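# Coordinate inspection notes
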Amino acid sequence: MKVPYKLEKEILGIYHKMWDAYFKGDAETFTSYFDDDVTVIGSAESEFLRGKVEATFFYKLAIGEAAGKAEFRNRNITLTGIGEQLLILETPDVYILINDKWTYYGKLRLSSIARKQNGEWKFILQHGSLPDAKTSGKETIGFETISKENRELRDAIKRNTKELEIKIRELEIEASLEKVRSRSLAMQKSEELVEASSVLFEELKKLEIDAIRTGIGIYDSNTETMEVWSSQHIDKKEKKILGVIPIHVHPSFEKSFEAWQNKAPYSVFEMEGDFLKKYYSIVSAIVTYPEKISLNPKESFYAFYFSEGSLNVITHEPLTTQQCQIITRFATVFGLTYRRFKDLALAEAQAKEAQIELALEKIRTRTMAMHKSEELKEVIRIVFQQLKHLNIHLDHAGFVVDYLPKGNWHFWIADDQDIPSKIS
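The structure presented is a predicted model; accordingly, all values stated were derived computationally and were not measured. Each chain has its residues counted from 1, following the order in which its sequence is written. Under the rules for a predicted model, residues below a pLDDT of 70 receive no local features and side-chain atom pairs below 80 are neither given nor counted, while totals for whole chains, interfaces and linings still include all residues. Here the side-chain values reflect all heavy atoms present in the structure, with hydrogen atoms and water set aside.

## Concerning the sheet that holds strand 2 (residues 48–50)
Here a strand pair is declared whenever DSSP counts at least two bridges between the two strands. Put simply, DSSP H or I for four residues or longer makes a helix, DSSP E for two residues or longer makes a strand, and each gets a number counted from the N terminus. Strands sit in the order 2-1-9-8-5-4 across an open sheet of 6 strands; the sheet is mixed. Two strands in the sheet have a free side with no partner beyond their single neighbour: strand 2 and strand 4 (77–82). Direction aside, neighbouring strands of the sheet carry axes that sit 20° apart on average. Here strand 1 (residues 34–41) pairs with strand 9 (residues 120–129) via 4 bridges, running parallel. Bridge assignment links Ile 41 to a residue of strand 9, and that residue is His 127. By the convention used here, residues are in contact when the closest approach between their heavy atoms is within 4.5 Å. The angle between two axes is taken between their N-to-C directions and runs from 0 to 180 degrees, where each axis is a line fitted to C-alpha atoms and a helix contributes only its stretch in contact. Relative to strand 9, helix 1 (residues 5–23) is tilted by about 60°, and along the sheet it contacts strand 1, strand 4, strand 5 (85–90), strand 8 (109–117) and strand 9. Set on the sheet, helix 3 (residues 52–62) makes contact with strand 1 and strand 2; between it and strand 1 the angle comes to about 60°.

Here it is, written out as structure tokens:
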């Protein structure tokens, strides 16, 4: 039913006052236009309200979000009479203020129903919604958009799963690297290199790198030799391989040594058949290889380099590029820890030398201060104390003086027991 102009002007005046109060954050004025039995259905998920009391409580809490930060533009309003009630339909553009700039938010759909009671117009229904962004112009339900989103979600899950697998793999590699690093840092002497090799062997197995044998080679450019510390598991028992191998006894060592000198990341030498048997025949005569160390028709010999040598990995089949990259990281880690080990060993040797020099100086000083032979007992006591201080295990120390064949001997002795300092 067409609404008379006078009535239209009256109801629109109330309608605009209501929304002006909303955008000013005045909840009391905004809800004063509601009927006691009003129903409010808004675009927010929680905005489903029954009755003026509930609506007033809700908007007092929420209306501040829009105060001064939102407004309607391009307002298209129509009125229709429904018996004694009026239906107001509006489709405004909503703009919001972001960083001092008004930005288009979307097209809003508003429907309001008002009725007159006791001479006043009150709204019994207030409904607002935003169009479904998933639908196209010809759809009521966005099947195509939802299907596309599902495909994108499946693709995203695949990507995330792959990324997760990569991260898990990286954590596994880092854990293995840390074990090799920790064992390397714990080394106190070169003989422990074989234990570091054993740890390397086990960690490569955990990373599904199937090695026949792993080892560590330390090169000496002056003598052109390689000190070998290796580990292999045969019949569930660990076997140690130790020794020093001249570089020129076999082409595999020559190639490995040359690649190390040229600072290559790694090298590989493949052998099979009689050539492989000859290799073991040559090398077994030099180092302590276990008997029947290899019964394989073909083996690949890899050397992954660090400054002082290489991590050696012998496999049944060639390694993949990715596996080589992983073991190259192991070589880098081991190289860093090995250099630290060598630095510590040098520092310890220097400290030991300083201790020896200090002990000698104490003995030298007391010796130079002697004025009579009886003072030898003081000198030998200092000698005894300094030798013990240098961790030399001894029962006693003594000087033998006035030695004559088949004659009397005179000892000046120092020890922890209660014996005379001079014995003839």
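## Things to note about the nonpolar core
In this structure, Trp 19, Phe 30, Phe 34, Tyr 59 and Phe 123 are the most contacted members of the largest nonpolar core, which totals 33 residues. For this core, the elements supplying multiple residues, two or more each, are helix 1, helix 2 (27–32), strand 1, helix 3, strand 3 (70–73), strand 5, strand 8 and strand 9. Looking at this core, the element that brings in the most residues is helix 1, giving 9 residues. Contacts of Phe 34, omitting those with residues within four sequence positions, involve Met 18, Val 40, Lys 52, Ala 55, Tyr 59, Lys 122 and Phe 123. Residues grouped as a nonpolar core are buried Ala, Val, Leu, Ile, Met, Phe, Trp, Tyr and Cys residues, joined through side-chain atoms within 4.5 Å. Relative accessibility decides the category of a residue: with a 1.4 Å probe and only protein chains considered, values under 20% of the type maximum give buried, values over 50% give exposed, and everything between is partly exposed. Counting residues in each nonpolar core, the second largest holds 24 residues, with Ala 211, Ile 216, Ile 218 and Phe 306 among its members.

## Quick word on the sheet that holds strand 18 (residues 422–423)
Across the sheet, which stays open at both edges, the 3 strands sit in the order 16-17-18 with antiparallel pairing between neighbours. Each having just a single partner strand, strand 16 (396–401) and strand 18 make up the two edges of the open sheet. In this sheet, strand 17 (residues 410–415) lies alongside strand 16 in antiparallel orientation, the contact comprising 6 bridges. Each residue of the ladder has a partner; that of His 396, found in strand 17, is Asp 415. Contacting strand 16 and strand 17, helix 9 (residues 376–389) runs over the sheet at an angle of about 140° to strand 16.

## Notes on the pairing of strand 1
Pairing analysis gives 3 bridges linking strand 1 to strand 2, with the strands arranged antiparallel. Following the sheet pairing, Ile 41 is matched in strand 2 by Phe 48. Counting the residues in the hairpin turn of strand 1 and strand 2 gives 6 residues.

## Description of a positive patch on the surface
Together, Lys 148, Arg 151, Arg 154 and Lys 158 make up a region of like positive charge exposed at the surface. With respect to the secondary-structure elements, Arg 154 resides in helix 4 (residues 143–185). Patch rule: a residue counts if its relative accessible area is over 30% and it has no salt bridge; like charges are joined within 9 Å, and nonpolar side chains (Val, Leu, Ile, Met, Phe, Trp, Tyr) within 5 Å. Per-residue accessibility takes into account occlusion by the displayed protein chains alone, with areas from the Shrake-Rupley method and a 1.4 Å probe. The salt bridge criterion pairs a side-chain nitrogen of Lys or Arg with a carboxyl oxygen of Asp or Glu, the two atoms within 4 Å. In this tally, Lys and Arg are treated as positive and Asp and Glu as negative; His is ignored, and so are the chain termini. Charge coordinates come from a single atom per side chain, which is NZ of Lys, CZ of Arg, CG of Asp or CD of Glu.

## What about the environment of Ile 113?
Along the chain, the position of Ile 113 falls in strand 8. Given a relative accessible area of 17%, Ile 113 falls into the buried group. Counting along the chain gives 14 residues from Ile 113 to His 127, while the straight-line C-alpha distance between them is 9.0 Å. Apart from the residues within four sequence positions on either side, Ile 113 is in contact with Gln 85, Leu 86, Leu 87, Lys 122, Phe 123, Ile 124 and Leu 125.

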